[in-house]
Amino acid sequence: KNWYENTHYIKQPSYSQTRYKKQNTYAIKKTTPKKTIYHYRENEGWDWLAKGEASYALDIFAIQSQQNLNSGIPKVGFAIAAASLGETARATRAMRKAVRLDPTSLDRLIINNDIKTRLNTLSDTLNYDKNNIDTAFLLSSLAYIQGKHTAAQDLLANDDKSDSAIRLRKLTEQYRETDHF
């Protein structure tokens, strides 16, 4: 934005000292922009992600995450969109925060076939490194979202002792116990 777009001019009277004639001067009053509240549909970020527009989805998920601080679903969407754009550090931070705040958000995701194929290609493009606990956590979370619960537990690094990793381990163990029955 240009500096003059948020500027309003107020007409004020002033008097010249030499002529004693009334002249008009203008004082600049700066205004602060109003807060904008964005209203997106609940699935709008997922729709953009399904279309392959990860940058739009990232913006929508970022706004939804700020509006719903305790919900993990927009943070999971943000993580998937960031990973699709190649920003694995941001993706891992968002996924860890989602699992730490709301571990059941991974179970409550409603994912269509387009997003499933994107998750598969994303999982294939990320390189698994057992020494890199962040990438291992991200791959484990993506495997869990895809319903591959045993693979998710196997991908999770043993030396990852973070709260998010502990909660993801508990989720995968719950599914392993129910898989035997």
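Residues numbered from 1 in each chain as written. Predicted model: local features only at pLDDT ≥ 70, side-chain atom pairs only at ≥ 80, totals over all residues. Heavy atoms only, no water.

Peer 1: Sorry if this is basic, but what is going on with the overall build of the protein chain here?
Peer 2: Looking only at helices and strands, the protein chain features 8 helices and 2 strands. For the protein chain, the α and β elements follow one another from N to C terminus as β-β-α-α-α-α-α-α-α-α. Taking the contacts inside the protein chain whose residues are at least 6 apart along the sequence as the reference set, 49% of them involve residues at least 24 apart. Just so you have it, the protein chain exposes about 11800 Å², and 49% of that area is on carbon and sulfur atoms. (Helix = DSSP H or I, 4+ residues; strand = E, 2+ residues; numbered from the N terminus. Contact = heavy atoms within 4.5 Å. Areas by Shrake-Rupley, 256 points an atom, 1.4 Å probe, with all protein chains shown as cover.)

Peer 1: What exactly am I supposed to notice about the environment of Leu138 here?
Peer 2: With respect to the secondary-structure elements, Leu138 resides in helix α6 (residues 133-145). Sequence separation between Leu138 and Ile80 is 58 residues, and the spatial gap between their C-alpha atoms is 9.3 Å. Those residues in contact with Leu138 that lie beyond four places of it in its chain are Ala83, Thr88, Ala91, Thr92, Met95 and Leu126.

Peer 1: I would appreciate a short explanation of helix α5 (residues 113-125) in the present structure.
Peer 2: The periodicity of an α-helix, 3.6 residues per turn, causes residues three or four places apart in sequence to face the same way. With 13 residues, α5 should reach 18 Å at 1.5 Å per residue; the first-to-last C-alpha distance of 18 Å fits that figure. Those residues of α5 not exposed but buried are Ile115, Leu119, Leu122 and Ser123. For α5, the angular spread of the buried residues around the axis is 100 degrees, confining them to a single face. More than 90 degrees from the buried face of α5, the exposed residues found are Asn113, Asp124 and Thr125. Taken together, the buried residues of α5 touch α1 (44-50), α3 (73-84) and α6. (Expected span 1.5 Å × (residues − 1). Buried < 20%, exposed > 50% of the residue type's maximum accessible area, 1.4 Å probe, protein only. Arc of directions from axis to C-beta.)

Peer 1: I'm lost on the pattern of salt bridges in this one. Help?
Peer 2: Pairs can form between side chains of opposite charge whenever their charged atoms are close. Tallying each qualifying case throughout the model produces 4 salt bridges. One salt bridge in this structure joins Glu87 and Arg90, with 2.7 Å as the shortest N-O distance. The salt bridge involving Arg96 is made with Asp134; its shortest N-O contact spans 3.2 Å. With a gap of 38 residues between them, Arg96 in helix α4 (residues 88-101) and Asp134 in helix α6 connect regions that are remote in the sequence. Through salt bridges with shared partners, a single network forms among Arg96, Asp134 and Asp160. (Salt bridge = Lys/Arg side-chain N within 4 Å of Asp/Glu carboxyl O.)

Peer 1: What am I meant to see in the packing of aromatic side chains here?
Peer 2: The relative placement of two aromatic rings is captured by the distance of their centres and the angle of their planes. Here the structure, examined in full by the defined rule, presents 2 aromatic pairs. Summarising the aromatic geometry, the rings of Trp46 and Phe61 are spaced 5.1 Å apart at their centres and angled 65 degrees between planes, so their arrangement reads as edge-to-face. Highlighted residues: Trp46 in helix α1 and Phe61 in helix α2 (residues 54-67), separated in sequence by 15 residues. For the pair Trp46 and Phe61, a shared accessibility class is recorded, and that class is buried. Measuring from ring centre to ring centre gives 5.0 Å for Trp48 and Tyr56, while their planes differ by 50 degrees; the resulting arrangement is tilted. (Phe/Tyr/Trp six-rings, centres within 6.5 Å; stacked < 30°, edge-to-face > 60°.)

Peer 1: Got a minute to help me understand the environment of Leu155 in this structure?
Peer 2: Mapped onto the secondary structure, Leu155 falls in helix α7 (residues 149-155). For Leu155, a relative accessible area of 22% puts it in the partly exposed group. With 19 residues separating them in the primary sequence, Leu155 and Ala136 have C-alpha atoms 5.9 Å apart. Filtering out sequence-adjacent residues up to four positions away, Leu155 remains in contact with Tyr128, Ala136, Leu139, Ser140 and Ala143.

Peer 1: For this particular structure, what's the right way to read the side chain of Lys75?
Peer 2: Inspection of the secondary structure puts Lys75 in helix α3. With no salt bridge to any partner, buried Lys75 finds its closest opposite charge in Asp102, at an N-O distance of 8.4 Å. Side-chain polar atoms of Lys75 contact the backbone oxygen of Asn68, separated by 3.4 Å. Leaving out residues up to four positions away in the same chain, Lys75 has contacts with Ser65, Asn68, Leu69, Ala94, Lys97, Ala98 and Leu101. (Lys, Arg positive; Asp, Glu negative; His and termini not counted. Polar contact = N/O pair within 3.5 Å; in protein donor to acceptor, adjacent residues only side chain to side chain.)

Peer 1: What is the right way to read the confidence of the model for the protein chain from this model?
Peer 2: Per-residue confidence for the protein chain gives a mean pLDDT of 81, with 75% of residues at or over 70. Ranking the elements of the protein chain by mean pLDDT puts strand β1 (residues 7-15) last with 51 and α3 first with 95. (pLDDT = per-residue confidence, 0-100.)

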